[in-house]
Amino acid sequence: MAKKEINIDLEVVKVGFANGVAEGFPLTDKQKEKMINQAEKAYGKFLDALKCDWRNDPNSMETPKRVAKAYVNNLWEGRYTAMSPITSFPSDGYDGIVIERNIPLTSMCSHHHQTIKGVVHIGYIAGENGQVVGLSKLNRIVELFGRRGAIQEQLTSAIHNAVSKITKGNKGVIVTIVATHNCVSCRGVKHEGASMITTKASGVFRENNNLARKEFFDSLKINNGGHQV
Ligand SMILES: [Zn+2]
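Residues numbered from 1 in each chain as written. Predicted model: local features only at pLDDT ≥ 70, side-chain atom pairs only at ≥ 80, totals over all residues. Heavy atoms only, no water.

Draft legend 1. Representation of the sheet that holds strand β7 (residues 172-181) within the structure. Ordered in space as β6-β3-β4-β7-β8, the 5 strands form an open sheet in which the pairing is mixed. Each end of this open sheet is capped by a strand with a single partner; those strands are β6 (149-150) and β8 (195-201). The pairing of β7 with β8 spans 7 bridges and is classified as antiparallel. Residue pairing in the sheet places isoleucine 177 in a bridge with threonine 198 of β8. Lying over the sheet, helix α5 (residues 152-166) contacts β3 (97-109), β4 (115-125), β6, β7 and β8, oriented at roughly 150 degrees with respect to β7. (Pairing = 2+ DSSP bridges. Helix = DSSP H or I, 4+ residues; strand = E, 2+ residues; numbered from the N terminus. Contact = heavy atoms within 4.5 Å. Axes fitted to C-alpha atoms, helices over the stretch in contact; angles between N-to-C directions.)

This is the structure:
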């Protein structure tokens, strides 16, 4: 059993970008506290600019603090807090596909700061002497990259890249995201129910006679609780 620390080389975008990690990542509790205080003050000014009398409204007087805490501790958690170390195991001769489907995704679009909700399906095939990872680590990777600003295309690539790195020597990785974007349903065109599907595949999942890719998508259709692709 080999332990591998998650680190900055799983990242695919520049430090500081909304869909990257914050400078100084991972932040200490003290640094997060300071950040929450600064963001709280700034959000109060944002509400002032919108002529919202939040200081005297019992429902809103704590809102700047709530919003700042939600960003740092939940909505953008992946920018500030590292995930727990990845444990990988020898595959012991298993050479089939490993699939985890319907991993819940909550993210936020970098463009409008509105939620992105959906599911992520991940498949990979370990190499000859390859490593498999504890299943929940795939969920943690989705959390790490989902809990920050995102555009779905880049998020798909980021998750694919991270899975590929932690399953070193793999024969292929495939990641599909099916998600709805609140910025489409609540603003702009205001269309409820439209979903976006993105897929990033490598190795055997990209080859011409693509049985692995077919097996992956067929597997998603089996008793899968309605999240069909
Ligand atoms: Zn958007």
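Draft legend 2. Highlighting the coordination of the zinc ion. Taken together, Cys109 (SG), His112 (ND1) and Cys183 (SG) make up the protein donors of the zinc ion, found 2.2 to 2.3 Å from the metal. Considered as a linear motif, the donors of the zinc ion on their single chain read C-x2-H-x70-C. Pair noted here: histidine 112 is in the loop between β3 and β4 and cysteine 183 is in helix α6 (residues 182-185), with a separation of 71 residues, a long-range link. Accessibility expressed as a relative area gives 9% for cysteine 183, which makes it buried. (Donors = N, O, S within 2.8 Å, 3.2 Å for Na, K, Ca; no water. Buried < 20%, exposed > 50% of the residue type's maximum accessible area, 1.4 Å probe, protein only.)

Draft legend 3. Looking closely at the nonpolar core. Ranked by internal contacts, the top residues of the largest apolar core, which has 31 residues, are Val120, Ile122, Phe145 and Ile159. The leading source of residues in this core is α5, at 6 residues. Once you skip the residues sitting within four places of it in the chain, phenylalanine 145 turns out to touch Leu10, Glu11, Leu155, Ala158, Ile159 and Ala162. In terms of nonpolar packing, the next biggest core, distinct from the first, is built from 9 residues, Ile97, Ile125, Ala201 and Ala212 among them. (Core = buried A, V, L, I, M, F, W, Y, C linked by side-chain atoms within 4.5 Å.)

Draft legend 4. Highlighting the pairing of β7. Counted residue by residue, β7 has 9 buried out of 10 residues, so it is predominantly covered. Bridging between β4 and β7 involves 10 bridges; their strand directions are antiparallel. Note on β7: the bridge partner recorded for valine 119 is valine 178.

Draft legend 5. Inspection of the packing of helix α1 (residues 29-49) against helix α2 (residues 63-75) at higher detail. The N-to-C vectors of α1 and α2 enclose an angle of 130 degrees; their axes lie 8 Å apart at closest approach. Judged by the inter-axis angle, α1 sits oblique to α2. You can see that α1 and α2 cross each other, and the crossing is right-handed. In this structure, α1 contributes Lys32, Met35, Ile36, Asn37, Ala39, Glu40, Tyr43, Gly44 and Leu47 to the contact, and α2 contributes Thr63, Pro64, Lys65, Val67, Ala68, Lys69, Val72 and Asn73. In terms of residue class, the contact of α1 with α2 is made up of 9 nonpolar, 4 polar and 4 charged. (Parallel < 35°, antiparallel > 145°, perpendicular 65-115°, else oblique. Left-handed = near helix turned anticlockwise from the far one by under 90°. Nonpolar A, V, L, I, M, F, W, Y, C, P; charged D, E, K, R; others polar.)

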